Every structure is written in structure tokens, then in C-alpha cells.
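So the chains spell out like this:
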Amino acid sequence: DLHSTSRRQRQMCIRDRTKMQLISFLLLFLTAFLFNYWTPYAADDYSYMYNLGNGERITSVFQIFPSLAVHYMQYGNGRIVSHFFVMLFLTAPKIIFDVLNAFLFVFFIAFVLRITASKKSFSVLLFFAVPTLFWLYMPAYGQVFLWLTGCINYMWSYLFALLFLNIYISLLRGKSLLDKKWKLILFCLFTFLFGNYSENVSFSVIFTGFLLMCVTMYQHKTIRKYLSYVFPITCGAAGYLVLLLSPSGSAKFSDNLTLSVLAKNGIDLFTTYYNMCKYPLILFFILLCIAVYHKMDKNEILIAIAYLFISFVAAAMLIIASYLPERSIANSVVFLLIGIVQLLQILRRNSHLECLTLCVCVYLLISSVMAYWDGSYDIYRVHREQTARNERIENSIVSGELTIGVPIITSTTKYSCKYGLLDLNPQDSSEPFPNAYVAKYYGLNKIYVTYPDASDK
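Residues numbered from 1 in each chain as written. Predicted model: local features only at pLDDT ≥ 70, side-chain atom pairs only at ≥ 80, totals over all residues. Heavy atoms only, no water.

1. A look at the overall build of the protein
The condition is simple: Strands are runs of DSSP state E lasting at least two residues, helices are runs of H or I lasting at least four, and both sets are numbered from the N terminus onward. The reference for a compact globule is 2.2 Å times residues^0.38; the radius of gyration itself is calculated from the C-alpha atoms. Here, two residues are considered to be in contact whenever any of their heavy atoms come within 4.5 Å of each other. Only the protein chains shown count as cover for residues, and the accessible areas themselves come from Shrake-Rupley with a 1.4 Å probe. We score Asp and Glu as negative and Lys and Arg as positive, and we do not count His or the chain ends. To locate a charge, the coordinates of NZ of Lys, CZ of Arg, CG of Asp or CD of Glu are taken.
The helix and strand tally for the protein stands at 18 helices and two strands. A compact globule built from 457 residues would reach a C-alpha radius of gyration of about 23 Å, and the protein, at 24 Å, matches this within 12%. Each principal axis of the C-alpha atoms in the protein carries an extent, and together these give about 80 × 50 × 45 Å. Restricting the contact set of the protein to residue pairs at least 6 apart, pairs at least 24 apart contribute 77%. Accessible surface computed for the protein: about 21,800 Å², of which carbon and sulfur atoms make up 65%. For the protein, the centre of its 37 positive side-chain charges and the centre of its 25 negative side-chain charges are spaced 16 Å apart.

Printed below as a string of C-alpha cells:
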């Protein structure tokens with residue numbers, strides 16, 4: 001009877017944890033969906049709606065490929081895979097992307113917790129602490145997690161990076177996930193596509209996967225047993241070469257890269273990186289020292305260091321970039337934050353240190369209250385102003401006025417997609433982007449921004 005009672009109690013606890021987990025997922029999904037729904041099209045979204053060769057509106061999958069060919073040969077980079085997804089979702093109603101991206105965000109957060117591999121039960125505090133880390137410390141948050149073009153190029157690359165790393169992290173943990181030939185073939189195809197996805201994320205992650213594989217070979221004193229894991233890395237390198245060798249790829253790199261210029265770029269870049277990541281770096285190394293002092297699992301600590309290594313490599317690759325939007329640093333920040341989650345999960349395994357992990361989570365959640373309030377309101381305010389602009393444009397078209405000036409929409413926080421992105425140019429500007437594409441989207445002859453005061457211009 002005691003045994004039956006104990007078993008029923010365990011089953012009830014499992015059901016309660018599962019129920020709490022589903023509620024947590026649902027709350028995060030609804031929040032993410034609302035933020036995505038409030039985020040309008042912006043900047044590059046309008047240009048990728050149209051075929052870059054003939055200027056026609058893309059309305060089917062088959063029209064995407066000729067536009068991609070022009071993009072690969074003539075425009076700023078060779079990211080075929082990511083821009084295929086951008087053009088694909090711009091052919092459909094935006095609500096489809098809003099739902100999918102909210103789902104992928106929840107999946108990304110859940111996968112961060114899974115890949116950091118705590119054997120403890122689900123923790124509500126830790127689950128919500130992960131998106132809070134991103135909310136607090138990710139630069140250009142709205143561009144990375146909410147803006148359609150930005151999400152696909154950045155957030156989706158982080159999810160694909162974790163799917164890639166999961167294979168080699170599991171290998172280090174003694175689990176073989178490519179035990180069937182068909183799994184290996186599918187993963188090779190995936191790594192080829194992932195290699196083409198992002199200049200610094202793809203390289204830094206694939207290179208780190210190679211290093212983790214080498215560590216596994218060294219620990220087990222065998223190469224032959226793990227030789228099949230070399231093929232996906234080779235396929236990823238091939239995909240990356242397709243990206244790197246695009247005729248337009250040189251536009252991504254600075255001219256006259258002398259040693260002194262590289263040194264100056266490096267100092268400026270890592271100064272910016274440190275200023276953005278100062279507090280996460282401090283937290284990372286404090287947690288790392290605690291884990292080392294208490295002699296936690298060496299492979300788990302090595303995995304945390306691997307995330308830090310990816311962060312450094314992704315940042316270092318920006319030294320040769322011709323321009324440096326703030327969202328590019330996000331590629332480095334995200335893996336540093338995942339490294340922090342990895343260390344928190346390590347400490348959870350020790351009953352004496354679990355309280356420390358929970359205290360960190362509580363601190364993050366409490367300290368983020370005002371940031372969540374300010375960011376949420378800014379996202380909503382931009383949505384409201386964009387809705388008012390759309391109504392004004394519709395009324396103008398009905399009245400036959402096809403040249404229109406509209407008030408500028410600005411962002412006050414990094415949480416709106418308008419933060420750091422060009423809204424529209426003024427009437428006297430000679431720069432056609434993005435005004436020409438926005439006018440084309442609405443069916444206008446010309447659109448431009450007006451300013452409330454000439455001094456604000």
C-alpha cells in the first residue's frame with residue numbers, strides 16, 4: 001500500500017510538472033506572438049517583397065529563385081538559404097510569420113534548456129530567466145527577435161546553430177545521435193544549408209563542433225569510431241564556401257585591410273563587445289569559478305567554455321566587416337548568454353548550489369520588470385503609430401492623392417524593430433531606399449517622412 005501510494009504521488013507530481021510546463025510554454029508563446037503581431041514590416045522587408053531582377057512582386061515560390069540568383073550575384077552577401085525564407089514569408093500574410101516565429105522562439109528557449117542538459121526537473125524560474133537574459137542583454141532585440149528579415153537572419157540562425165551543436169555536444173557526453181546512415185545523410189544536407197546561413201554564426205559554430213569532435217576523439221583515443229562525424233563538418237564548410245565566394249561577397253569586407261587597420265578594428269570591436277557584455281561576462285566567470293572550485297563535471301564545464309569560444313570567434317570575425325550594425329554583435333552575445341545558462345544548469349546538479357541558481361533567476365526576473373514594461377510599451381506604440389500611418393495612406397489613395405508625406409516613426413528602446421533601422425527618407429533625399437519600395441507596396445507614386453519641427457530633421 002505504501003508503495004502504491006508513493007507511486008501515485010510521483011505520478012501526480014509528474015502531471016503537475018507537465019501541466020506547469022505547458023502553461024509556461026503557452027504564456028511565453030502568447031507574449032511572443034503579441035510582440036510579433038505588433039511589429040510591422042520595416043526597411044529591407046519591403047525590398048525583398050519584389051524580384052531583384054525585374055522588380056515584380058513575388059507571389060509564388062518559383063519567383064523566388066530568379067530573385068535569389070540576382071541577390072547572390074549582385075547584392076551584399078551570399079546568404080541564399082536565409083533570404084529564401086525571407087522572400088517566402090513575405091509572399092504570405094504576415095500573421096503566418098507571426099505565429100511561426102512565436103512558436104520558434106518558444107522552441108528556441110526550450111531547446112536552450114534541453115541542450116544545457118540539466119537532469120533536474122523542469123524549473124519555471126529558470127525557464128523564464130532564459131528569455132529574460134536575452135531581453136536584458138541582447139543588443140537590437142527587436143531587430144533580432146521580432147523584425148521579419150532580422151529574425152530569419154539572426155534568431156533562426158541561433159536555433160539552427162544549437163541543432164548542429166547538439167550532435168557534437170551529445171557526442172562529447174557519450175551519446176551517438178547519427179547511428180543510422182539516413183540520419184547522417186539528412187544531417188549532412190542540414191549542415192550544408194546551415195553553412196550558407198550566416199557569415200560568422202555558421203563559421204564559429206561549425207569550427208567549434210569540429211573542436212568538440214576532436215576532444216571526443218582524444219578522450220576515447222580513437223579516430224576511426226567517430227570518422228563519420230567529419231562528413232557533416234565538411235558539408236558545412238562547403239556551404240560556407242558557397243556563401244563566402246559569392247561575387248557580391250566582397251561588399252561585406254573592408255577595403256585596405258592592413259595590419260594597423262585590423263588592430264584598430266579589433267580594439268574598437270572588443271571594446272564595444274566588452275561594454276555590451278560586461279555584466280554577462282562577470283556573471284559567466286563567477287559561475288565558471290564556482291563550478292571549477294566544486295569540481296563539477298569537466299565535460300559540462302568544457303561545453304560552457306565552448307559557448308564562450310563561439311562568442312569570441314563570432315565577434316572576432318567582425319574585424320574585417322565593412323560595416324557593423326548593432327545586431328551583428330548579437331551573434332556573439334547570444335552564445336555568451338547560453339554559456340551562462342549552461343553553467344546555471346551545472347550548478348543545479350549540486351543540491352548545495354541549486355539555491356544559488358534560483359537566486360540568480362529571481363534576481364534577473366525582478367530586475368527586468370521595468371525593462372519589460374518600457375519595451376512592451378515601445379513595441380505597442382510603434383504598432384499604433386504604424387496603424388495610424390496605414391489609415392492615412394488608405395485615405396490618401398481613396399482621395400486620389402498618390403504623393404504623401406507621413407510623420408516619422410521612431411523607437412525609444414531596443415525592443416522595437418524601428419530601433420536602428422531607417423524608417424523613411426525626407427522629401428528632398430536622393431536616396432531611393434526604402435521610400436521607393438514602400439511607395440510600391442502601398443500603390444503610391446511617392447512617400448516620404450515629415451518632421452514635427454524643422455530642427456528635428
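Okay, back to it.
2. Quick look at the pairing of strand β1 (residues 403-407)
Inclusion rule: DSSP bridges decide pairing: two strands pair if at least two such bridges lie between them.
Of the pairings in the sheet, the one linking β1 to strand β2 (residues 446-450) comprises five bridges and is parallel in character. Each bridged residue has a counterpart across the sheet, and for Val406 the counterpart in β2 is Val449.

3. Re the nonpolar core
Put simply, the rule reads: Definition used in this section: a nonpolar core is a set of buried Ala, Val, Leu, Ile, Met, Phe, Trp, Tyr and Cys residues joined via side-chain atoms within 4.5 Å. Think of it in three bands: residues with accessible area under 20% of the maximum for their type are buried, residues over 50% are exposed, and the middle band is partly exposed, with areas taken using a 1.4 Å probe on protein chains only.
Phe108, Phe134, Met138, Phe145, Trp156, Tyr158 and Phe335 are the most contacted members of the largest nonpolar core, which has 128 residues in total. Non-local contacts of Met138, meaning those with residues more than four positions away in its chain, are made with Leu133, Val144, Phe145, Tyr158, Ala330, Val333, Val334, Leu337 and Lys414. Ala43, Trp147, Cys417 and Leu421 belong to the second largest nonpolar core, which has five residues in total.

4. As for the pattern of salt bridges
Short version of the rule: By definition, a salt bridge exists where a carboxyl oxygen of Asp or Glu is found within 4 Å of a side-chain nitrogen of Lys or Arg.
One pass over the structure, following the stated rule, counts nine salt bridges. One salt bridge connects Arg349 with Glu300, and the closest N-O pair in it is separated by 4.0 Å. Separated by 49 residues along the polypeptide, Arg349 in the loop between α15 (326-348) and α16 (354-367) and Glu300 in helix α14 (residues 298-316) bring together distant segments of the chain. By sharing partners, the salt bridges in this structure join Arg173, Glu300 and Arg349 into a single network.

5. Concerning helix α4 (residues 80-89)
α4 sits mainly inside the fold: seven of its ten residues count as buried. Within α4 the residues assigned to the buried category are Val81, Ser82, His83, Phe84, Val86, Met87 and Phe89.

6. Description of the packing of helix α9 (residues 155-172) against α15
To be explicit about the condition: Lines fitted to the C-alpha atoms define the axes, with helices restricted to the stretch that makes contact. Angles between their N-to-C directions range from 0 to 180 degrees. Between 65 and 115 degrees an angle is taken as roughly perpendicular, under 35 as roughly parallel, over 145 as roughly antiparallel, and anywhere else as oblique. Note: crossing handedness is left-handed where the near helix turns anticlockwise from the far helix by less than a right angle, and right-handed where it turns clockwise. Under this grouping Gly is polar, as are all residues other than the nonpolar Ala, Val, Leu, Ile, Met, Phe, Trp, Tyr, Cys and Pro and the charged Asp, Glu, Lys and Arg.
Between α9 and α15, the least distance of the axes is 11 Å, while the angle of their chain directions is 50 degrees. Judged by the angle between their axes, α9 and α15 are oblique. When the axes of α9 and α15 are compared, the crossing they make is right-handed. In contact with Tyr158, Ala161, Leu162 and Leu165 of α9, α15 contributes Ala330, Asn331, Val334, Phe335 and Ile338. Counted by class, the contact of α9 with α15 contains eight nonpolar, one polar and no charged residues.

7. A short note on the packing of aromatic side chains
Our working definition: Any two of the Phe, Tyr and Trp rings considered here, Trp counted by its six-membered ring, make a pair once their centres fall within 6.5 Å; the pair's planes then place it as stacked at under 30 degrees, edge-to-face at over 60, or tilted in between. Only lysine NZ and arginine CZ atoms are considered, and such an atom sits over a ring when it is within 6 Å of the ring centre and within 35 degrees of the ring normal.
On inspection of all chains with the given rule, the structure shows 44 aromatic pairs. On the basis of an interplanar angle of 65 degrees and a centroid distance of 5.8 Å, the ring pair of Phe84 and Phe85 is categorised as edge-to-face. Phe85 gets classed as partly exposed once you look at its relative accessible area, which sits at 23%. Chaining the aromatic ring pairs together yields one cluster made of Phe35, Trp38, Phe105, Phe108, Phe134, Trp135, Tyr141, Phe145, Tyr372, Tyr380 and Tyr415. One Lys or Arg, Lys221, reaches over the ring of Tyr218 and ends 4.1 Å from the middle of that ring. Looking at Lys440, its charged tip hangs above the ring of Tyr50, at a distance of 4.7 Å from the centre.

8. Observations regarding the state of the cysteines
Note the threshold: Only a pair of cysteine sulfur atoms within 2.5 Å counts as a disulfide in this structure description.
Under the defined criterion, the tally for this structure stands at zero disulfides. Not engaged in a disulfide, the cysteine Cys235 finds its nearest cysteine sulfur in Cys188; these two sulfurs lie 4.0 Å apart. For the unlinked cysteine Cys417, the closest cysteine sulfur is that of Cys151, found at 9.5 Å.

9. Concerning the environment of Ile152
By the secondary structure assignment, Ile152 is in helix α8 (residues 148-153). Relative accessible area serves as the criterion here: at 0%, Ile152 is assigned to the buried category. Sequence separation between Ile152 and Pro432 is 280 residues; the distance between their C-alpha atoms is 25 Å. Ignoring sequence-local partners within four residues, the contact set of Ile152 consists of Ser82, Phe85, Val86, Phe89, Phe97, Ser157 and Tyr197.

10. Here we look at the side chain of Ser376
So the rule is basically this: Here a polar contact is recorded for every N or O atom pair within 3.5 Å, except that within protein the pair must consist of a potential hydrogen donor and a potential acceptor, and residues adjacent in sequence are included only if both atoms are side-chain atoms.
Summarising the element assignment, Ser376 is placed in helix α17 (residues 369-398). At 2.6 Å, the side chain of Ser376 and the backbone oxygen of Tyr372 are in polar contact. Not counting residues up to four positions away in its chain, the partners in contact with Ser376 are Phe35, Trp38 and Trp135.

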